Amino acid sequence: MKLYWGPHTCAIGIHVLLEEIGKPYATEKLDVAGGASRKPPFTGINPKGKVPTLVRDDGSVLTEFSAIATWLARTNPEKGLLPDDPEGEARAVEMLAYVEGTIHGQGFARMFMPTRFEPQDVVHQTVGLGAGSVKRQGKEMVEAGFAILDPLLSRHPYAVGDTFTIADAALFYAERWAPQQKITLPINLQAHLDRMKTRPAVAKVMELWDET
Ligand SMILES: N[C@@H](CCC(=O)N[C@@H](CS)C(=O)NCC(=O)O)C(=O)O
C-alpha cells in the first residue's frame, strides 16, 4: 500500500489513519504546490491530480479522502475507526462531508487557489484578504463552518463521540490549516486540535512531515 502526499495538504489525515492502523505502508512525497500532482507521471496514477491518493496492494488506486478513510476503516474493523451503528456512522459521514465539501472544498480552496474561482478579474484575485476578494470569501466560509462545528465538540472529546474515528482525521487536517491561514479556531476545535496532537500517531506523522 502506498500513500501519495504533499506538504501542507489534506493527505495528512490519511497518513494519520495509516499510523493509527499500524500496518506496513509506503509513502511518496509530491511537490503538490509546485504542480507535480497535475502532470505525468502522477496523472497516470490519479487523473484527478490530487492527493491523498492510495495505491493498494493489488495495484488498484483509491482517491477521495472519505473513500480512502472509509476503506481503511472497514478493512481494519478492530481499530474502531468508523462506528458500526447507523447513527454513529451517519454522524461520521456528516462530519467528513462538511469538512471536505464545505470547509475545505469551498472555503480553504478559495484561500489556497483563488484563481480557480470566480470572479476571474484581477482585482478580486489579487487584493488578498480585502473586502470582496475570493480569499476573503473563502476565509469567511471557513470561519462560518468552524463556528457551526464548534458546539458539537463541546459534547465529546472526539469529532463524533468519545473515541477517535475517521471523522477526526478529516477535522484535524482542516483545523491544522487554521493557524497557517491566520484563522483563530473556536475554543472547542482548538482543544480538539491540541488533543489530536497528543496522539502518538499524529505526533509521528507531524514529525515525518516536518510540521508543527
Ligand atoms: N476531493 C478531494 C480533494 C483533495 C484535494 O483537494 N487535494 C489537494 C491537496 S489538500 C490537492 O491535491 N491539490 C492539488 C491541486 O489541485 O493541484 C479529496 O477529498 O480527496
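Given the structure is predicted, the values throughout are model-derived calculations rather than measurements. Every chain begins its residue count from 1, and numbering advances along the sequence as written. Side-chain atom pairs in this predicted model are given and counted only at pLDDT of 80 or more, local residue features only at pLDDT of at least 70, and totals for whole chains, interfaces and linings cover all residues. Side-chain numbers come from the whole structure's heavy atoms, not from hydrogens or water.

This part covers the sheet that holds strand β4 (residues 61–63). One requirement defines pairing of two strands: DSSP has to find at least two bridges between them. Only DSSP runs of H or I reaching four residues or more are called helices, and only runs of E reaching two or more are called strands; each is numbered from the N terminus. Pairing within the open sheet is mixed, and its four strands lie in the order β2-β1-β3-β4. Looking at strand neighbours, the two that pair on one side only are β2 (26–29) and β4, the edges of this open sheet. For this sheet, the mean inter-axis angle between neighbouring strands, taken without regard to orientation, is 20 degrees. Contacts from helix α1 (residues 11–21) reach β1 (2–5) and β2 within the one sheet, and its direction differs from that of β1 by about 155 degrees. Only C-alpha atoms enter the line fits that serve as axes; for helices the fit covers just the stretch in contact. Angles between N-to-C directions range over 0 to 180 degrees. Any pair of residues with heavy atoms lying within 4.5 Å of one another is described as a contacting pair.

Angle between the axes and distance between the axes: these two values describe a pair of packed helices. For the pair helix α3 (residues 65–75) and helix α4 (residues 86–112), the least separation of the axes is 10 Å and the interaxial angle reads 150 degrees. In terms of orientation, α3 lies roughly antiparallel with respect to α4. Here α3 and α4 pass one another in a crossing that is right-handed. Here α3 contributes Phe65, Ser66 and Arg74 to the contact with α4, which in turn contributes Glu89, Leu96 and Glu100. Here the nonpolar group is Ala, Val, Leu, Ile, Met, Phe, Trp, Tyr, Cys and Pro; Asp, Glu, Lys and Arg are the charged ones; every other residue, Gly included, is treated as polar. Split by residue class, the contact of α3 with α4 holds two nonpolar, one polar and three charged. We call two directions roughly parallel when the angle between them is under 35 degrees, roughly antiparallel when it is over 145, roughly perpendicular when it lies between 65 and 115, and oblique otherwise. Two helices that cross are described as forming a left-handed crossing if the nearer one is turned anticlockwise from the farther one by less than a right angle, and a right-handed crossing if clockwise.

For the domains described, the bounds stem from an automatic or database domain assignment. If you check the domain split of the chain, you get domain 1 (2–79) and domain 2 (86–199). Spacing between the C-alpha centres of domain 1 and domain 2 amounts to 20 Å. With 16 residues of domain 1 in contact, the opposing surface of domain 2 contributes 15 residues. A simple way to read buried area is as the amount of 1.4 Å-probe accessible surface that goes missing from two parts once joined, with both sides added. In total, about 1300 Å² of surface goes out of reach between domain 1 and domain 2, with carbon and sulfur atoms giving 63% of it. Contact with domain 2 buries surface across domain 1, with His8, Glu20 and Phe65 losing the most and accounting together for 32% of the total. One speaks of a salt bridge when a side-chain nitrogen belonging to Lys or Arg is within 4 Å of a carboxyl oxygen belonging to Asp or Glu. Run the count over domain 1 and domain 2 and you get two salt bridges. Two residues, Arg74 and Glu89, come together in a salt bridge whose shortest N-O distance is 3.4 Å. Any pair of N or O atoms that falls within 3.5 Å is considered a polar contact. Within protein, one atom must be able to donate a hydrogen and the other to accept it, and sequence-neighbouring residues count only if both atoms are side-chain atoms. For the pair domain 1 and domain 2, the interface holds five residue pairs in polar contact (both at pLDDT 80 or more). Secondary-structure elements contributing two or more residues to the side of domain 1 that touches domain 2 are α1 and α3. For the side of domain 1 that touches domain 2, the leading source of residues is α3, giving six residues.

Okay, the packing of aromatic side chains next. Stacked, edge-to-face and tilted labels apply to pairs of Phe, Tyr and Trp rings (six-membered ring for Trp) whose centres lie within 6.5 Å, assigned for plane angles under 30 degrees, over 60, and everything in between, in that order. Evaluated as defined, the whole model comprises nine aromatic pairs. On the numbers, 5.6 Å between centres and 15 degrees between planes, the contact of Phe108 with Phe112 is stacked. With Phe108 and Phe112 both in helix α4, this residue pair falls four residues apart, about one helical turn. A ring has a charge above it when a Lys NZ or an Arg CZ is no more than 6 Å from the ring centre and no more than 35 degrees off the ring normal. A cation over a ring is seen here: Arg56 above Trp71, with NZ or CZ 4.8 Å from the ring centre.

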